[in-house]
Amino acid sequence: GLDMFRVAGGCGLVQGERVGDRVPNRAQTAPGFVLATGGPVLVADYATEQRFQVPEAYRQAGLRRALAVPLADPTRRVGALSVRADVNTEFGGEELRFVQTLAGLLATCLARFDTEEQLRHAQRLETVGQLTGGIAHDFNNLLTVILGNLQVLQEQARDAGAQGDVEMLDAAQRAAQRGAELTGRMLAFSRRQVLSPTRVDAAQAV
């Protein structure tokens with residue numbers, strides 16, 4: 001799923017993990033290890049950490065300890081939330097519960113943002129459908145006039161025995177009919193036309 005992390009925010013960030021930077025989501029990276037573990041990760045000392053590769057920037061910044069938890073919405077893990085310290089601070093149960101509560105709040109905000117974005121997308125699709133329906137309706141009216149006039153011209157050409165004209169008018173009528181079928185599909189897409197499913201013989205259609 002998630003190949004890269006994008007640093008969304010923080011304070012005291014180090015080189016390579018500034019806001020907007022992208023960090024690979026691999027088990028050997030610090031944030032990737034948290035996501036792969038799927039639970040809280042406590043780093044007692046970056047100097048002796050062996051479970052993942054500690055970036056040199058962490059050591060240069062003097063970071064010593066860390067506590068991190070996955071950031072997850074109800075269906076998937078989407079990132080990691082970590083707290084790091086450059087002093088010999090002990091991270092215990094109280095700190096863990098605080099970070100997990102904060103991660104839960106962030107996940108709720110993200111889920112709400114996703115829901116609102118999906119709603120906006122649905123509204124945009126509805127607008128496109130209405131626009132498509134309006135254009136298709138107007139175009140269908142034009143095609144009705146064209147088809148009616150073609151039919152009159154065909155009858156006149158047959159009466160006059162102009163076979164060449166009849167063939168050209170037939171071709172024009174077929175093209176106009178295909179256009180009418182296309183506008184019918186556009187009207188169906190915009191939900192301005194009632195869909196009437198029917199049984200078909202697939203082999204015969206092919």
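Scroll up to find the structure this text is about.
Reference entry: report on the structure contained in this document. (Residues numbered from 1 in each chain as written. Predicted model: local features only at pLDDT ≥ 70, side-chain atom pairs only at ≥ 80, totals over all residues. Heavy atoms only, no water.)

Re the sheet that holds strand E4 (residues 65–72)
Inference 1: One open sheet holds the three strands; their spatial order is E3-E4-E5, and the pairing between them is antiparallel. Bordering the open sheet on either side are strand E3 (41–43) and strand E5 (77–85), each of which pairs with just one other strand. The average angle at which neighbouring strand axes cross in this sheet is 15°, direction not considered.
Inference 2: Where E4 meets E5, eight bridges bridge the pair, whose relative direction is antiparallel. Within E5, the residue paired with Arg65 across the bridge is Ala85.
Inference 3: The sheet strands contacting helix H1 (residues 30–37) are E3, E4 and E5, and the helix crosses E5 at an angle near 125°.
Inference 4: Lying over the sheet, helix H3 (residues 93–160) contacts E4 and E5, oriented at roughly 30° with respect to E4. (Pairing = 2+ DSSP bridges. Helix = DSSP H or I, 4+ residues; strand = E, 2+ residues; numbered from the N terminus. Axes fitted to C-alpha atoms, helices over the stretch in contact; angles between N-to-C directions. Contact = heavy atoms within 4.5 Å.)

Description of the nonpolar core
Inference 1: Val43, Tyr46, Phe52 and Tyr58 are the most contacted members of the largest nonpolar core, which has 14 residues in total.
Inference 2: Breaking this core down by element, the ones donating at least two residues are H1, E3, helix H2 (56–60) and E4.
Inference 3: Broken down by element, the residue count for this core peaks at three residues, all from H1.
Inference 4: If we ignore the near neighbours within four places in the chain, the residues touching Tyr58 are Val14, Glu17, Ala30, Tyr46, Leu63 and Arg84. (Core = buried A, V, L, I, M, F, W, Y, C linked by side-chain atoms within 4.5 Å. Buried < 20%, exposed > 50% of the residue type's maximum accessible area, 1.4 Å probe, protein only.)

Observations regarding the pattern of salt bridges
Between side chains of opposite charge, a pair can form as their charged atoms come close.
Inference 1: As enumerated under the stated definition, the model contains six salt bridges in all.
Inference 2: The closest approach of N and O atoms between Arg59 and Glu56, which form a salt bridge, is 4.0 Å. With Arg59 and Glu56 both in helix H2 and three residues apart, the pair spans about one turn of that helix.
Inference 3: Accessibility expressed as a relative area gives 40% for Arg59, which makes it partly exposed.
Inference 4: Look at Glu56 and you get partly exposed, because its relative accessible area is 47%.
Inference 5: Where Asp170 meets Arg158, a salt bridge forms, and the shortest distance between an N and an O atom there is 3.6 Å. In this pair, Asp170 sits in helix H4 (residues 163–189) while Arg158 sits in helix H3, placing the two residues twelve residues apart along the sequence.
Inference 6: Overall, the relative accessible area of 49% leaves Arg158 in the partly exposed class. (Salt bridge = Lys/Arg side-chain N within 4 Å of Asp/Glu carboxyl O.)

Remarks on the packing of aromatic side chains
The relative placement of two aromatic rings is captured by the distance of their centres and the angle of their planes.
Inference 1: Under the definition given, this model contains two aromatic pairs.
Inference 2: Between Phe33 and Phe52, the aromatic rings sit 5.4 Å apart at their centres with planes inclined by 35°, giving tilted as the arrangement. With Phe33 in helix H1 and Phe52 in the loop between E3 and H2, this pair connects stretches of sequence that are 19 residues apart.
Inference 3: Since its relative accessible area comes to 14%, Phe33 is described here as buried.
Inference 4: Using a relative accessible area of 7% as the deciding quantity, one classes Phe52 as buried.
Inference 5: Here the aromatic rings of Tyr46 and Tyr58 are separated by 5.1 Å at their centres, their planes lie at 65°, and the arrangement is edge-to-face. Residue Tyr46 is found in the loop between E3 and H2, and its partner Tyr58 is found in helix H2; the two are separated by twelve residues along the sequence. Here Tyr46 and Tyr58 have matching classes, each one buried.
Inference 6: Positioned above the aromatic ring of Tyr58 is the side chain of Arg84, whose terminal nitrogen or guanidinium carbon lies 4.6 Å from the ring centre. (Phe/Tyr/Trp six-rings, centres within 6.5 Å; stacked < 30°, edge-to-face > 60°. Lys NZ or Arg CZ within 6 Å of the ring centre and 35° of its normal.)

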